[in-house]
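# Structure assessment
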Amino acid sequence: SIPTEFGRLATNLKFLNLGKNQLSGSIPTEFGKLTNLHTADLSNNKQLEGSIPSEIGLLTKLDALEVSNNQLSGTIPSEIGLQTSLTLLDLRYNNLQGSLPSEIENLTNLEGLLYSNNNITGP
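The text that follows walks through the structure, step by step, so that each part is easy to find. (Residues numbered from 1 in each chain as written. Predicted model: local features only at pLDDT ≥ 70, side-chain atom pairs only at ≥ 80, totals over all residues. Heavy atoms only, no water.)

The helix and strand inventory of the protein stands at zero helices and 10 strands. Across the protein, helices and strands are ordered from the amino to the carboxyl terminus as β-β-β-β-β-β-β-β-β-β. The C-alpha atoms of the protein give a radius of gyration of 13 Å, which matches the 14 Å a tight globule of 123 residues would have. Overall size of the protein, expressed as C-alpha extent along the three principal axes, is 40 × 30 × 20 Å. Burial statistics for the protein: of 123 residues in total, 42% are counted as buried. Within the protein, contacts between residues at least 6 apart in sequence are counted, and of these 51% link residues at least 24 apart. (Helix = DSSP H or I, 4+ residues; strand = E, 2+ residues; numbered from the N terminus. Rg over C-alpha atoms; globule rule 2.2 N^0.38 Å. Buried < 20%, exposed > 50% of the residue type's maximum accessible area, 1.4 Å probe, protein only. Contact = heavy atoms within 4.5 Å.)

Looking now at the side chain of Asn-118. Tracing the chain through its elements places Asn-118 in the loop between β9 (112-114) and β10 (119-120). At a separation of 3.3 Å, a polar atom in the side chain of Asn-118 contacts the main-chain amide nitrogen of Asn-94. Looking at Asn-118, its side chain comes within polar contact range of the main-chain oxygen of Tyr-115, at 3.1 Å. Excluding residues within four positions of it along the chain, Asn-118 makes contact with Leu-91, Arg-92, Tyr-93, Asn-94, Asn-95 and Leu-96. (Polar contact = N/O pair within 3.5 Å; in protein donor to acceptor, adjacent residues only side chain to side chain.)

Further remarks concern unusual backbone geometry. A positive phi angle is found at Lys-20, which is not glycine, with a value near 60 degrees. Note on placement: Lys-20 falls in the loop between β1 (15-17) and β2 (24-25). Overall, Lys-20 belongs to the exposed group, its relative accessible area being 69%. Positive phi, close to 60 degrees, is recorded for Asn-69, a residue that is not glycine. Mapping Asn-69 onto the fold places it in the loop between β5 (64-66) and β6 (71-74).

We now examine the environment of Arg-92. Residue placement: Arg-92 occurs in the loop between β7 (88-90) and β8 (95-98). Sequence separation between Arg-92 and Glu-66 is 26 residues, and the spatial gap between their C-alpha atoms is 8.8 Å.

Counting residues in hydrophobic clusters, the biggest one holds 29 residues, and the most contacted among them are Ile-2, Leu-37, Leu-42, Leu-65 and Val-67. Not counting chain neighbours up to four residues away, the residues in contact with Val-67 comprise Ile-27, Leu-42, Ser-43, Ile-52, Leu-72, Asp-90, Leu-91 and Asn-94. (Core = buried A, V, L, I, M, F, W, Y, C linked by side-chain atoms within 4.5 Å.)

This is the structure:
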């Protein structure tokens, strides 16, 4: 699993690549403490589950968030709209449901929004 201790790296950590491992469990809420994080890649773990924590919205310097090819479920948190620096949001191949939050229109720097192969409905 992803250790909650990552939250203690808040002042220094800018890039986090945990992709292509065999991580299981959920994304800890302590990720919200990584306020200097620019890139977070948690993709291709295939056993990472649970919801995307709303604390992810606290990562206002985040440029890229990649969580594709996991077993994430629940809805996309509306707090994602607080990440105004975000250029890439990759949510593909999960079990996410509901609709895209309207706050996604706040992501004015967004260049790539990938959410295929989920259970997303609505406009």
